[in-house]
Each structure stands twice: as C-alpha cells, then as structure tokens.
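Residue-level structure breakdown
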Amino acid sequence: MEATSADYNQFVNETAFYNRMVLSHLLPANLWEFPSDMAQELPRRLAGNILYFISGFLWCFYIYYLKLNVYVPKDSIPTRKAMLLQIYVAMKAMPWYTLLPAVSEYMIEHGWTKCYSTLDHFSWFLCFLYIALYLVLVEFMIYWVHKELHDIKFLYKHLHATHHMYNKQNTLSPFAGLAFHPLDGILQAVPHVIALFIVPIHLITQLSLLFLEGIWTASIHDCIHGNIWPIMGAGYHTIHHTTYKHNYGHYTIWMDWMFGSLRVPLAEEDNFKEKEK
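Computed from a prediction, not measured in an experiment: that's the story for all the values here.

The UniProt record marks residues 46-65, 85-103, 124-145 and 189-212 with the feature "transmembrane region" (unreviewed entry), using the residue numbering of this structure. End-to-end, the C-alpha atoms of residues 124-145 are 32 Å apart, and along that stretch the chain is 100% helix and 0% strand. Taken end to end, residues 189-212 is 75% helix and 0% strand, and its two terminal C-alpha atoms sit 13 Å from one another.

We now examine the packing of helix α4 (residues 80-97) against helix α5 (residues 99-109). Here α4 crosses α5 at 15°, and the two axes come no closer than 5 Å. Taken together, the axes of α4 and α5 are roughly parallel relative to one another. For the pair α4 and α5, contact is made by P95, W96 and Y97 and by L99, L100 and P101, respectively. When grouped by side-chain class, the residues that make up the contact of α4 with α5 number six nonpolar, no polar and no charged.

What follows is about helix α6 (residues 124-151). Over its 28 residues, α6 runs 41 Å from end to end, which matches the ideal 40 Å to within 8%, given 1.5 Å per residue. Restricting attention to buried positions, one finds in α6 the residues C127, Y130, Y134, V138, E139, M141, I142, Y143, H146, K147, L149 and H150. Where the residues of α6 are buried, they touch α7 (153-158), α8 (182-196), α9 (203-219), α10 (234-243) and α11 (254-259).

With that settled, the discussion passes to the packing of aromatic side chains. In the structure shown here, the tally under the stated rule is 17 aromatic pairs. Ring centres 6.1 Å apart and planes at 15° place the aromatic pair F57 and F61 in the stacked group. Residue F57 and its partner F61 are both found in helix α3 (residues 48-66); the two are separated by four residues, about one turn of the helix. By relative accessible area, which is 38% here, F61 ends up partly exposed. An aromatic cluster is built from F140, Y143, W144, Y248 and F259, whose rings are joined through pairwise contacts.

Note the cis peptide between W229 and P230, where omega equals 0°. Locating P230 in the fold gives a position in the loop between α9 and α10. Non-glycine residue N247 carries a positive phi angle of around 55°.

Attention shifts here to the nonpolar core. In this structure, Y134 and I201 are the most contacted members of the largest nonpolar core, which totals 17 residues. For this core, the secondary structure elements donating two or more residues are α6, α8 and α9. Per-element tally for this core: the top contributor is α6, with six residues. Apart from residues no more than four positions distant in its own chain, I201 is found in contact with K114, C115, Y116, Y134, L196, Q206 and L209. Formed by 15 residues, the second largest nonpolar core is a distinct cluster that contains M83, A90, M94 and Y97.

Conventions adopted
- Residues numbered from 1 in each chain as written.
- Predicted model: local features only at pLDDT ≥ 70, side-chain atom pairs only at ≥ 80, totals over all residues.
- Heavy atoms only, no water.
- UniProt positions renumbered as here; feature names shortened; annotations may be inferred.
- Helix = DSSP H or I, 4+ residues; strand = E, 2+ residues; numbered from the N terminus.
- Axes fitted to C-alpha atoms, helices over the stretch in contact; angles between N-to-C directions.
- Parallel < 35°, antiparallel > 145°, perpendicular 65-115°, else oblique.
- Contact = heavy atoms within 4.5 Å.
- Nonpolar A, V, L, I, M, F, W, Y, C, P; charged D, E, K, R; others polar.
- Expected span 1.5 Å × (residues − 1).
- Buried < 20%, exposed > 50% of the residue type's maximum accessible area, 1.4 Å probe, protein only.
- Phe/Tyr/Trp six-rings, centres within 6.5 Å; stacked < 30°, edge-to-face > 60°.
- Core = buried A, V, L, I, M, F, W, Y, C linked by side-chain atoms within 4.5 Å.

Okay, here's the thing in structure tokens:
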C-alpha cells in the first residue's frame, strides 16, 4: 500500500488537530505555533507529563490510602521517598522519551511507513487482523529487547539497572512505570516504530496504543495481581522485579511461556491471602 497525497494531508491535519486540542489549553499560542509540525510534537508529548502526574497520584491515593490493606498490605506500600525518587528519574527521562514518537509521526506523515489514514484501504476484517499482527509483533520484539537488557551485562549495568533499583514490593509504585534511563525507555519503545514499517495500521489506532502504553506501564508496577489470563499483569511483573530472570513479556504471558521464562505468581497471591487473614 503506497501513501497518497490524500493520506499525507489526512495525517498532517489529524496530528495538527491533536496539537491544537492539547496545546491550546496549556500554553499561549506563541509558544507552540511553530512552522514545523514536528516541532509541535515535542511540547505535545511533554504535556504527557501532566497525565503521568495526575494518573499516578490518583492511582496511588486510591490503592494506598483510600483502600488501605484492601489491594496492597500496609507493609508493602512504598514510601514517599521511593515514589519521589521514581518521579525524579521519570522527569529526567521524559523529554528524551518524546523524541521517538515525534520522529515516528514525522515518518508517518511523509508516507515512509505502512500507516494509513482512512478505513477505505482495507476491510474491517483486515483492519482487526492487522491490529492483532501488530500487537503480536510488538510483543515479540519487546520481549527480546527487554531480555537482552538483562542478559547483556553492559546494557543492564549502564541502562536497565536504573529501573531495577525498585526490586521489592514496597519500593514499586505506578510512578515507577516511566522511571527508566532515557535510552532504556527509548529502546523498549522502538518495537512500536519498527512494526509501523511491517504491518499496516490506522493512525488513530497507533496513537491510541501509544497512549494506552503509558497507562499500562503504570498499572504493571502497582503490585496488584489481577489474575486475568493471559495478561502479563502486575503480579507477574512484580516477580520480574524481584527475580530479574522471569516474566520479560509486555502485554501477555505468551512469549515467556514459549521461551521458558514464565513464572506464575501463585505463591505471592497465597502469601497475600494469609496476610489478609
């Protein structure tokens, strides 16, 4: 599928709409109305900081204070110091995180990817099939990127260890979801960009998945085991932070199951039930 001039115009108009929708409510026009569309992407992405703070604060307030001892045992609640450190690490990395999505949208607008702008390119069946293929491909690549960040000692020491400072349940919180070394966060997001060159996907779908990515990374660090098969939820990811060699997957447990690195959080769930008694 080749991108047409109509696709280009649709891409540009749509991203310009998102820029106006977000930035016009946050900044004076002279601070974000740049001639280049790509230049507008960066402040829009930085506006995501607000989402990080609001969602993280509300999430922590609900599960740690309003629902004390309901979802997380009192002795497993992270300290304010731990959460402030996670916010500090995330804030240092956030401006760098914005670069990759800005570059990917530039490539989409110029027709370099297989991204499409209208639903008349494919049937509904193919649209959903391509979304499924996109997610499988992203899952596969993120699994191996994440695993290599552990297995290659140089990468772990200089990049991924920053995130694994939080290696106990009482040091993990939703704020840890974006607390990475900047290059580490970018490397784990690269699969989303690579997939754009392989699988056709609608622009709105791709942007929605990136938005949900931020929510997802927060949710898997709250240590609440939802136990919804085959989702790689917080129960699985808490094990990853404590053993360092299990549950590298992203959305589902399938890659860990296929490659022999899966560890099911049954023991952890039983321990929590005993504490509740």
